[in-house]
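Here are the chains, one letter per residue:
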Amino acid sequence: MAESRKERARHWQYDELPGVDLLRARYIRKTFVRHTHEHFVIAAIADGVEVFHHGGGDVYAGAGSLALVNPDTPHTGRAGVPEGWRYGAVYPSPDVVAGIAAETTTLRGAPGFVTPVLDDPYTVQLVHQVLRATDEGNALAADTLLRVAVTRLLRLNGGALPRREVRTAGARVAARARAALEERMAGPPTLEQLAAELGTSPFALLRAFRDTYGMPPHTWLTDARVRRARRLLDAGTAPSEAAVAVGFTDQPHLNRHFGRIVGVPPGAYQRECKNVQDARHGRPVPSGAWQWNGQQRSRT
């Protein structure tokens, strides 16, 4: 009983599914802060309930349903019941989803999901079968099941994503502010300094940025720093060095924000990344392992 009350998570990649991240987790007290993903989120809830803020309000995903988030869409995440929630998730890139949509659907434009929650136990099982196939090293099954799952979701809940065109003056200012923050991520200006550089007032910039990107500049910057840190970790940079490179004060600062956005500590994330690289070179890696409080244990 005590074992089932522990939080655990594993975030990994499988070499034979390029452009797809994978996650298996049980969270109880975990809270995901407002953030975005570059990839799609397809989270299959096995037990419990997840609540996440999406599109202006809270939505609930229970057992047998899927939480679906399009790329660059701000959202949060937390438990909706005392026992938390257990789920498996796949994160296919926009290119992966677009390729599947072009081959198996009639959708035009950039494909995406219309509603953030879909009650479909069949696809929930498909997602968990994808994860199981990667554990077993069954590339044919993993690739096939992923394509079937994405095709089914697009047919049941798919549509063309709206184009994001910068039209208003506020949106143009927000885009310039975002570019400046990306360029000066390790040493960003204050809101007042940034507004002065762009020829506007701090509150006008704050409103424009929030209206355009769904979050204030400082929240967006933390999200962007974690994204960049992930790329550095993928490339083999030590977590302590990645933290400083993206503007965090130290590794504990990175650990805190990385865990609240990605769901696992940066060290655990990088170890899984190294396992993928080792597999590419023929070195054996453990199959079906969980990351449990940053330590790797076999799954029973």
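Fair warning: this is a prediction, and the values are worked out from it, not measured in the lab.

So, about unusual backbone geometry. Its identity as a non-glycine residue notwithstanding, Asp-72 has a phi of 60 degrees, on the positive side. By the element assignment, Asp-72 lies in the loop between strand S6 (65-69) and strand S7 (75-79).

Turning to the nonpolar core, a few remarks are in order. Of all hydrophobic cores here, the largest spans 46 residues; its most connected members are Tyr-27 and Tyr-87. Take this core: its biggest share by element is 6 residues, from helix H7 (residues 217-234). If sequence neighbours within four positions are ignored, Tyr-27 has contacts with Glu-7, Ala-9, Phe-32, Glu-83, Gly-84, Trp-85, Tyr-87 and Gly-263. By size, the runner-up hydrophobic cluster in this structure holds 29 residues, among which are Val-20, Ile-42, Ala-133 and Leu-153.

What follows covers the packing of aromatic side chains. Within this structure, the stated rule accounts for 8 aromatic pairs. Ring geometry for Tyr-27 versus Phe-32: centroids 5.4 Å apart, planes at 75 degrees, classification edge-to-face. With respect to burial, Tyr-27 and Phe-32 carry one shared label: buried. Ring geometry for Trp-85 and Tyr-87: centres 6.0 Å apart, planes at 20 degrees, overall stacked. The aromatic ring of Phe-248 is capped on one face by Arg-225, whose charged end is 5.7 Å from the ring centroid.

With respect to the helices and strands, Thr-36 occurs in the loop between strand S3 (31-35) and strand S4 (41-54). Reaching out from Thr-36, the side chain makes a polar contact with the side chain of Asp-223 at a distance of 2.5 Å. Ignoring anything within four residues of it in the chain, the contact list for Thr-36 reads Asp-72, Thr-73, Pro-74, His-75, Met-215, Asp-223 and Arg-227.

Turning to the packing of helix H4 (residues 169-183) against helix H5 (residues 191-198), a few remarks are in order. Remark: H4 packs on H5, axes separated minimally by 11 Å, with the N-to-C direction vectors making an angle of 120 degrees. With respect to each other, H4 and H5 are oriented oblique. Considering the relative orientation of H4 and H5, their crossing is right-handed. Between H4 and H5, the residues in contact are Val-173, Arg-176, Ala-177, Ala-180 and Leu-181 and Leu-194, Glu-197 and Leu-198, respectively. Looking at the contact of H4 with H5, its residues break down into 6 nonpolar, no polar and 2 charged.

Once that is clear, we can look at the environment of Tyr-87. Along the chain, the position of Tyr-87 falls in strand S8 (residues 85-92). Here Tyr-87 falls in the buried class, since its relative accessible area comes to 4%. Note: C-alpha distance between Tyr-87 and Ala-44 (43 residues apart in sequence) is 5.4 Å. If we skip the residues at most four places from it in the chain, Tyr-87 touches Leu-23, Arg-24, Ala-25, Tyr-27, Phe-32, Ala-43, Ala-44, Ile-45, Ala-46 and His-128.

Next up on the list: the environment of Val-130. When you line up the elements, Val-130 lands in helix H2 (residues 121-135). Overall, Val-130 belongs to the buried group, its relative accessible area being 1%. Separated by 42 residues in the primary sequence, Val-130 and Gly-88 have C-alpha atoms spaced 9.4 Å apart. When near neighbours in sequence (up to four residues on either side) are disregarded, Val-130 contacts Leu-17, Val-90, Ala-142, Leu-145 and Leu-146.

How each quantity is defined
- Residues numbered from 1 in each chain as written.
- Predicted model: local features only at pLDDT ≥ 70, side-chain atom pairs only at ≥ 80, totals over all residues.
- Heavy atoms only, no water.
- Helix = DSSP H or I, 4+ residues; strand = E, 2+ residues; numbered from the N terminus.
- Core = buried A, V, L, I, M, F, W, Y, C linked by side-chain atoms within 4.5 Å.
- Buried < 20%, exposed > 50% of the residue type's maximum accessible area, 1.4 Å probe, protein only.
- Contact = heavy atoms within 4.5 Å.
- Phe/Tyr/Trp six-rings, centres within 6.5 Å; stacked < 30°, edge-to-face > 60°.
- Lys NZ or Arg CZ within 6 Å of the ring centre and 35° of its normal.
- Polar contact = N/O pair within 3.5 Å; in protein donor to acceptor, adjacent residues only side chain to side chain.
- Axes fitted to C-alpha atoms, helices over the stretch in contact; angles between N-to-C directions.
- Parallel < 35°, antiparallel > 145°, perpendicular 65-115°, else oblique.
- Left-handed = near helix turned anticlockwise from the far one by under 90°.
- Nonpolar A, V, L, I, M, F, W, Y, C, P; charged D, E, K, R; others polar.

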